[in-house]
Amino acid sequence: MKWEGNRQSDNVEDRRSSGGFGGGGLLGGRSIGIGAIVVALVGGWMFGINPMTILSLLSGGSPAQVQQGPAQRPPADDRMASFVSTVLADTEDVWKDLFAKGGGTYQEPRLVLFRGATQTACGQGQAAMGPFYCPADQKVYIDLGFYETLQKKLGAPGDFAQAYVISHEVGHHVQNLLGISGKMDQMRGRVSKVEYNGLSVKLELQADCFAGVWAHHAQRARAILEQGDVEEAMNAAAKIGDDALQQAGGGRVVPESFTHGTSAQRARWFNNGLQQGSVKACDTFSARNL
């Protein structure tokens, strides 16, 4: 992926040197080491557990009031921080343009770098959850140690695979701005667990598609893709399918428990956005076949 020398976002907040629990953090009163077991490694984001549900439980079921000082910028010589800052900037450019063409205004999210654990407006965030988006503060949270997990434990290496992760979470921010996430929240408790899981799958696949939309327009505007990049993203999307992750966790595949979609579905919807570059092409909620 051609990213070096491109604009970096000012919306990156580095909390890695302050707060948190360090190491692997705490979950359910137990320490979770980043190198322990696959389940702990990939956490809720990877195994079809909605991270926002976990956050709510950890915070006692209600959003936390977060007191924050001025944002600390990442060090200029931090290559990985520079990379995610560049990817975030690219998503800003793409979505700002797409919103403007649709007559709207894109509100840029912030990306928070942390280690182990951090406080969010949705409750306490944990590295074991993987990257997640909190709609209450419009921030994407990531412990950069996740990328080592993505490469070494899940078999999804490559910088464009890493960019896909960021663009997927930004896709959730887009859903929030469009009111899609709010409609999902309204359905909680009104439908059965299985039905809600089905809606969650559509929400996640749409975020995958939005990630593809970003890649489509970034490539057209800045020619960021190198040989093998698309394959990296498609592989990453496939590796984090509910079916693949349940199998990797040593359990049986339970389709009714899926909340993110199968490997084939995730790769297909990312590719759909990549090929068509249209938000309208990402209407997973009206699609007859996912």
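Bear in mind that the values here come from a model prediction, so they are computed numbers and not experimental data. Within every chain, residues take consecutive numbers counted from 1 along the sequence as written. In keeping with the predicted nature of the model, local features appear solely for residues at pLDDT of at least 70, side-chain atom pairs appear and are counted solely at 80 or more, and the whole-chain, interface and lining totals rest on all residues. Side-chain metrics in this entry use all non-hydrogen atoms of the structure; hydrogen atoms and water are not considered.

1. Quick word on the environment of Gly125
Then comes step 1: The secondary structure listing takes helices from DSSP runs of H or I that are at least 4 residues long and strands from runs of E that are at least 2 residues long, numbered from the N terminus. Looking at where Gly125 falls in the secondary structure, it is placed in strand β6 (residues 123-126).
Then comes step 2: The cut-offs for exposure are 20% and 50% of the maximum accessible area for each residue type, with area from a 1.4 Å probe on protein chains only; residues under the lower value are buried, those over the upper are exposed, and the others partly exposed. Exposure remark for Gly125: the relative accessible area of 0% places this residue in the buried category.
Then comes step 3: It is 9.4 Å that separates the C-alpha atoms of Gly125 and Phe114, two residues lying 11 residues apart in sequence.

2. A short note on the nonpolar core
Then comes step 1: If you look at the biggest cluster of nonpolar residues, it comprises 53 residues, and the most contacted ones within it are Met1, Trp95, Leu111, Tyr147, Phe160, Tyr164 and Trp214.
Then comes step 2: At the level of secondary structure, the elements contributing two or more residues to this core comprise α3 (79-101), β4 (110-113), β8 (139-142), α4 (146-153), α5 (159-178), α7 (193-222), α8 (229-239) and α10 (263-276).
Then comes step 3: We call two residues in contact whenever any of their non-hydrogen atoms come within 4.5 Å of each other. Ignoring sequence-local partners within four residues, the contact set of Phe160 consists of Met1, Trp214, Ala215, Ile224, Leu225, Asp229, Val230, Glu232, Ala233 and Phe270.
Then comes step 4: Membership of the second largest hydrophobic core comes to nine residues, among which are Phe114, Ala121, Ala127 and Phe132. Only buried Ala, Val, Leu, Ile, Met, Phe, Trp, Tyr and Cys residues count toward a nonpolar core, and they belong to the same one when joined by side-chain atoms within 4.5 Å.

3. Details of the packing of α3 against α7
Then comes step 1: Every angle, taken between N-to-C directions, lies between 0 and 180 degrees, and every axis is a line fitted to C-alpha atoms, over only the stretch in contact when it is a helix. Contact geometry for α3 and α7: axes closest at 9 Å, N-to-C directions at 95 degrees. Taken together, α3 and α7 sit at an angle that is classed as roughly perpendicular. In this structure, α3 contributes Val87, Asp90, Thr91, Asp93, Val94, Trp95 and Leu98 to the contact, and α7 contributes Phe210, Val213, Trp214, His217, Ala218 and Arg222.
Then comes step 2: A class-by-class count of the residues in the contact of α3 with α7 yields eight nonpolar, two polar and three charged. Working definition: roughly parallel below 35 degrees, roughly antiparallel above 145 degrees, roughly perpendicular at 65 to 115 degrees, and oblique for all remaining angles. In this classification, Asp, Glu, Lys and Arg are treated as charged, Ala, Val, Leu, Ile, Met, Phe, Trp, Tyr, Cys and Pro as nonpolar, and every other residue, Gly included, as polar.

4. Notes on helix α6 (residues 180-187)
An α-helical turn contains 3.6 residues, so any two residues separated by three or four positions project in the same direction.
Then comes step 1: Burial in α6 covers these residues: Ile180, Ser181 and Met184. Down the axis of α6, the smallest arc covering the buried residues is 95 degrees, so these residues share one side.
Then comes step 2: Tucked inside the fold, the buried residues of α6 contact α5 and α7.
Then comes step 3: Following α6 by one or two positions, Gly189 has its phi on the positive side, about 90 degrees. Here, the arc refers to the directions that run from the helix axis to the C-beta atoms.

5. Notes on the state of the cysteines
Then comes step 1: Put simply, a disulfide is two cysteine sulfurs that come within 2.5 Å. With the rule as written, the count across this model stands at two disulfides.
Then comes step 2: A sulfur-sulfur distance of 2.0 Å marks the disulfide that ties Cys122 to Cys134. Here Cys122 and Cys134 share a disulfide; its torsion about the S-S bond, 90 degrees, makes the bridge right-handed. Residue Cys122 is found in the loop between β5 (117-120) and β6, and its partner Cys134 is found in strand β7 (residues 132-134); the two are separated by 12 residues along the sequence.
Then comes step 3: Given a relative accessible area of 12%, Cys122 falls into the buried group.
Then comes step 4: Cys209 shares a disulfide with Cys282; S-S distance 2.0 Å. Its torsion about the S-S bond being -75 degrees, the disulfide of Cys209 and Cys282 is classed as left-handed. With Cys209 in helix α7 and Cys282 in the segment after α10, the pair connects residues that are 73 residues apart, well separated along the chain. Of the two residues, Cys209 and Cys282, neither departs from the other in class, the shared state being buried.
Then comes step 5: Here the disulfide map of the protein chain reads 1-2, 3-4, the bonded cysteines being numbered as they appear in the sequence.

Without other data, these values stay purely geometric and don't point to any function.
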